[in-house]
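Residue-level structural notes
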Amino acid sequence: MSMAQQAGPALGRPPAAGPEQTDGRTARRPLALRLLARPEVGVFLGAAAVLVFFLVVAPSVRQGSSMATILYQSSTIGIMALPVALLMIGGEFDLSAGVAVITSALTASMLSYQLTMNVWTGVIVALVVSLAIGFFNGWMVVRTGLPSFLITLGTFLILQGVNLAVTKLVTGNVATDDISDMDGFDQARKVFASSFDVGGVQVKITVVWWLVFAALATWVLLRTRYGNWIFAVGGNKESARAVGVPVTFTKISLFMLVGFGAWFIGMHNLFSFNTVQSGEGVGQELIYIAAAVIGGCLLTGGAGSAIGPVFGAFMFGMVNQGIVYAGWNPDWFKAFLGVMLLGAVLINLWVQRTATRR
Amino acid sequence: MTDDKTHGTVVQDAPPADDGLLVELRKAGKSYGNIRALHGVDLTVHAGEVTCVLGDNGAGKSTLIKIVSGLHQHTEGEFLVDGVPVRFSSPREALDRGIATVYQDLATVPLMPVWRNFFLGSEMTRGPWPVRRLDIAAMKKTADEELRRMGIVLDDLEQPIGTLSGGQRQCVAIARAVYFGARVLILDEPTAALGVKQSGVVLKYIAAARDRGLGVIFITHNPHHAYMVGDHFSVLRLGTLELSASRAEVSLEELTNHMAGGAELAALKHELAQVRGVDTDELPEEEDLTAPVAPSPEGTP
């Protein structure tokens, strides 16, 4: 209703008189501005810029095999960045995501080896353990109402300690035993860590999984009730609850989704390297969160996309490998990442302020 | 403002009682431990009528609506819906009986588009389970139709609802409640944070909801707003009914006096008259406050 507000400034057109009656207050913003207002478009441009930059300064990036390596690197971050992004849109964090990957891999590896079982048994048990960790995180956050930052910081420390201590207890070593000669290993490797040939270039299967998961996540987020609920519980939990959104279910299941991602990457690590180093994974959680934020997910929840983190993860993979291909000192990697993160956040902020101004 | 022809096609899934009595409180009250927040309150809500609940801060308005909306349970008296005593344990139960509450702040998720907000929690879907998806076209169409029916015309249902004005957000929430089969609409101070014009818009939608046959409980501390749309007025003071009167029995002045603590002011008039510079002629005499004081006679029109 036009009565509800004073006329907006600078009307772009007279009130429409056609069958589509409008309130005549909003001028349609130019297409370019509307596109830019979408955070995933901003990160797409950023990723394209980084790609072009390294294509210019590091000629070896232009080879297909280099690109396959970059995509592989991106996919291992990207597969985890997806559920982390969904969780972030849902208004929560998971700091335990990095070490949970290792927990999952350790579980599968040690269980199969110690009990001399088909590795698939270990894989299934690891999935259950990962989902249980996710459930625990979610349940604690929902029940206590404490910030997920605190709860998952606790889980992070617990898992870090348990990973190391249990591995040493069981194997007498900080790494698990090689399981590559066990039943079902080859089969599982095909699913989680194989490669296939595309025009003479070996592409890792995780790249395919990454894109499949990304497409699935996008569909769920934008086209299903559950996706609607994710935005709602992150945007305004109390409103969501008041209109009948199952807030508890949504939050816990999002944490379990992160558990699923941790399981998947854990299995990938296990079946590509045959053994697991129990002290790894620390710090990875921040990489996932950074990829989600660069991908335009709102740190406070309620906004974001699944495709943005795909580009965010690609930027990570690109920079990570690009520095190597360019022949620079890889010590600079983290510094480069930090600059990129800040840059992405600032550009996002600026773009949103400009493009959404009415 | 458009298309008034198809009034009330979706609401009224259950017919109201013969006299249109939807919700009734009989001597209802609520104690929190040793604190009696509400005591001996009678309230009736009829279909197609607006019942205004007025009162100052701390008068018990919130407690009253929390009982009706299912957030709290009454500890004394009776609460009847369609003539049947009830005791709700959650807002969902109240919702299932057609009692919807529009909270001042809790109405919407600001970053989500208008149409997603409209259907949030009750989304339309199509397709079998693994590929069951939102029926976006149908939801947008329905949301647009319902909003227009309530007289709300928006350019772009994709815009985040946070970009709407406070009044418009309230109106979307009201339209949503009406569409989802609310028979009783509880509005918790919908005009409290709004400007003059926006309050007018919200009042218009309250009237629109009433004309569609809903019973409306309008909580406010603004007697002017209440008198514009109200059919029955209940003034709460310190947890009890100070006044319960139909529109015919009370004037705006009397209502305002009751709200402004008129009865107490009248009692003070004698004292105030002693003070130089205080004009007591404007203050009501105690016998001027003739409106029936609670408990009101039964069977108000």
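Overview of the overall build of chain B
In terms of helices and strands, chain B carries nine helices and twelve strands. Of all 301 residues assigned to chain B, the portion counted as buried reaches 44%. Of the contacts made within chain B by residues no fewer than 6 positions apart, 70% connect residues no fewer than 24 positions apart.

Concerning the overall build of chain A
Helix and strand content of chain A: 14 helices and two strands. A buried classification covers 48% of the 358 residues belonging to chain A. Of all intrachain contacts in chain A linking residues separated by at least 6 positions in sequence, the fraction that spans at least 24 positions is 75%.

Structural notes on the sheet that holds strand β5 (residues 84-85) of chain B
Residue and element names in this part refer to chain B. Ordered in space as β2-β1-β4-β5, the four strands form an open sheet in which the pairing is antiparallel. Edge positions in the sheet fall to β2 (35-46) and β5, since each has one partner strand and no second. Here strand β1 (residues 21-32) runs beside β2; their pairing, made up of eight bridges, is antiparallel. Note that in β2 the partner of Ser-31 across the bridge is Arg-36.

Structural notes on the confidence of the model for chain B
Confidence in the prediction of chain B, expressed as mean pLDDT, is 79, and 79% of residues score 70 or more. Scored below 50 in pLDDT, residues 1-17 of chain B makes 26 contacts in the model with residues more than four places away or belonging to other chains.

Description of the environment of A:Met267
Residues and elements named next belong to chain A. Secondary-structure assignment places Met-267 in helix α11 (residues 247-273). In the structure, Met-267 is positioned 140 residues away from Leu-127 in sequence and 9.3 Å away in space, judged by C-alpha atoms. If we ignore the near neighbours within four places in the chain, the residues touching Met-267 are Ala-105, Ala-108, Val-123, Ala-126 and Phe-192.

A closer look at the environment of A:Ala126
All names here are of chain A. Mapped onto the secondary structure, Ala-126 falls in helix α5 (residues 119-144). In the structure, Ala-126 is positioned 134 residues away from Phe-260 in sequence and 9.7 Å away in space, judged by C-alpha atoms. In this view, Ala-126 contacts Ser-104, Thr-107, Ala-108, Trp-263, Gly-266 and Met-267; residues no more than four positions away in its chain are not counted.

So, the packing of helix α8 (residues 205-223) of chain A against helix α9 (residues 225-235) of chain A
Residues and elements named next belong to chain A. In contact at an axis separation of 5 Å, α8 and α9 are set at 75 degrees when each is read in the N-to-C sense. Classified by the interaxial angle, the pair formed by α8 and α9 is roughly perpendicular. The segment α8 lies against α9, with Val-220, Leu-221, Leu-222 and Arg-223 engaging Tyr-226, Gly-227 and Ile-230. Partitioned by chemical class, the residues of the contact of α8 with α9 number five nonpolar, one polar and one charged.

As for the sheet that holds strand β9 (residues 184-188) of chain B
Residues and elements named next belong to chain B. Taking strand neighbours across the sheet as the criterion, the six strands line up as β6-β9-β10-β3-β11-β12 in an open arrangement whose pairing is mixed. Looking along the sheet, the strands with just one partner apiece sit at the ends: β6 (99-102) and β12 (240-246). If you compare each strand with its neighbour and ignore which way they point, the axes differ by 15 degrees on average. Across five bridges, strand β3 (residues 50-55) lies against strand β10 (residues 215-220) in parallel orientation. Looking across to β10, one finds that Val-50 is bridged to Val-216. In the packing of helix α5 (residues 166-179) onto the sheet, contacts are made with β6 and β9, and the angle to β6 comes to roughly 170 degrees.

Let's talk about the nonpolar core
Core analysis: the biggest nonpolar cluster contains 174 residues, and A:Val84, A:Leu86, B:Ile174, B:Leu185 and B:Ile217 have the highest contact counts within it. No other element matches helix α3 (residues 64-89) of chain A, which puts 14 residues into this core. Here A:Val84 is in contact with A:Asp94, A:Ala97, A:Val258, A:Tyr288, A:Ile289 and A:Ala292, once residues within four sequence places are set aside.

Some details on α8(A)
All names here are of chain A. The end-to-end C-alpha distance of α8 is 27 Å, a good match for the 27 Å that 19 residues give at a rise of 1.5 Å each. The set of residues buried in α8 consists of Thr-206, Val-207, Trp-210, Phe-213, Ala-214, Ala-217 and Leu-221. End-on view of α8: buried residues confined to an arc of 125 degrees, all on one side of the axis. What points out from α8, more than 90 degrees from its buried face, is the exposed set Val-212 and Leu-216.

Let's talk about the pairing of strand β2 (residues 201-204) of chain A
Residues and elements named next belong to chain A. In the sheet, strand β1 (residues 195-198) pairs with β2 via four bridges, with the strands oriented antiparallel. Bridge assignment links Phe-196 to a residue of β2, and that residue is Val-203. Counting the residues in the hairpin turn of β1 and β2 gives two residues, including Gly-199, whose phi is positive at 55 degrees.

Focus: the packing of α3(A) against helix α13 (residues 307-325) of chain A
All names here are of chain A. Remark: α3 packs on α13, axes separated minimally by 7 Å, with the N-to-C direction vectors making an angle of 145 degrees. In this structure, α3 meets α13 at a crossing whose hand is right-handed. Across the interface between the two elements, Ser-66, Thr-69, Ile-70, Leu-71, Gln-73, Ser-74, Ile-77, Gly-78, Ala-81, Leu-82 and Ala-85 from α3 touch Pro-309, Val-310, Gly-312, Ala-313, Phe-314, Phe-316, Gly-317, Met-318, Asn-320, Gln-321 and Tyr-325 from α13. Counted by class, the contact of α3 with α13 contains 13 nonpolar, nine polar and no charged residues.

Some remarks on unusual backbone geometry
Residues and elements named next belong to chain B. The residue Lys-27 is not glycine, and still its phi comes out positive at about 50 degrees. Its location among the elements puts Lys-27 in strand β1. The exposure class of Lys-27 is partly exposed, given the 13 C-beta atoms found within 10 Å.

With respect to helix α6 (residues 148-171) of chain A
Residue and element names in this part refer to chain A. Taking 1.5 Å of rise per residue, 24 residues should cover 34 Å, and α6 covers 33 Å from first to last C-alpha, within 8% of that figure. For α6, the set of buried residues is Ser-148, Ile-151, Thr-152, Thr-155, Phe-156, Leu-159, Asn-163 and Thr-167. Lining the buried residues of α6 we find α4 (97-115), α5 and α12 (284-294).

Some words on the confidence of the model for chain A
The pLDDT averaged across chain A works out to 86; a share of 88% of its residues lies at or above 70. Within the model, pLDDT remains below 50 along residues 1-21 of chain A, and this stretch shows 33 contacts once partners closer than five positions in the same chain are excluded.

Some remarks on the pairing of β1(B)
Residues and elements named next belong to chain B. Hairpin connection of β1 to β2: two residues between the antiparallel strands, including Gly-33 at a positive phi of 60 degrees. In the sheet, β1 pairs with strand β4 (residues 76-81) via five bridges, with the strands oriented antiparallel. Note on β4: the bridge partner recorded for Leu-25 is Phe-79.

Rules and cut-offs
All chains use their own residue numbering, which begins from 1 and follows the written sequence. Working convention: letters from A go to chains and numbers from 1 go to ligands, in the order in which they are written. Per-residue local features of the predicted model are confined to residues with pLDDT of at least 70, and side-chain atom pairs are confined, for both listing and counting, to 80 or more; whole-chain, interface and lining totals are unaffected and use all residues. Each helix corresponds to a stretch of at least 4 residues labelled H or I by DSSP, and each strand to a stretch of at least 2 residues labelled E; elements are numbered beginning at the N terminus. Exposed residues have 12 or fewer other C-beta atoms within 10 Å of their own C-beta, buried residues have 20 or more, and residues in between are partly exposed; the C-beta atoms are placed from the backbone. Contact criterion: two residues are in contact if their C-beta atoms, reconstructed from the backbone, are within 7 Å. Strands qualify as paired when DSSP identifies two bridges or more between them. Confidence per residue, as judged by the predictor, is encoded in pLDDT with a range of 0 to 100. Note on geometry: axes are lines fitted to C-alpha atoms, helical ones only across the stretch in contact, with angles between N-to-C directions running from 0 to 180 degrees. We call two directions roughly parallel when the angle between them is under 35 degrees, roughly antiparallel when it is over 145, roughly perpendicular when it lies between 65 and 115, and oblique otherwise. When residues are grouped by polarity, Ala, Val, Leu, Ile, Met, Phe, Trp, Tyr, Cys and Pro land in nonpolar, Asp, Glu, Lys and Arg in charged, and all others, Gly among them, in polar. A set of buried residues qualifies as a nonpolar core if it consists of Ala, Val, Leu, Ile, Met, Phe, Trp, Tyr and Cys joined through C-beta atoms within 7 Å. Take the residue count of a helix, subtract one, and multiply by 1.5 Å to get its expected span. Here the arc refers to the set of directions running from the helix axis out to each C-beta atom. Throughout, a crossing is termed right-handed when the near helix is turned clockwise from the far one, and left-handed when it is turned anticlockwise from it by less than a right angle.

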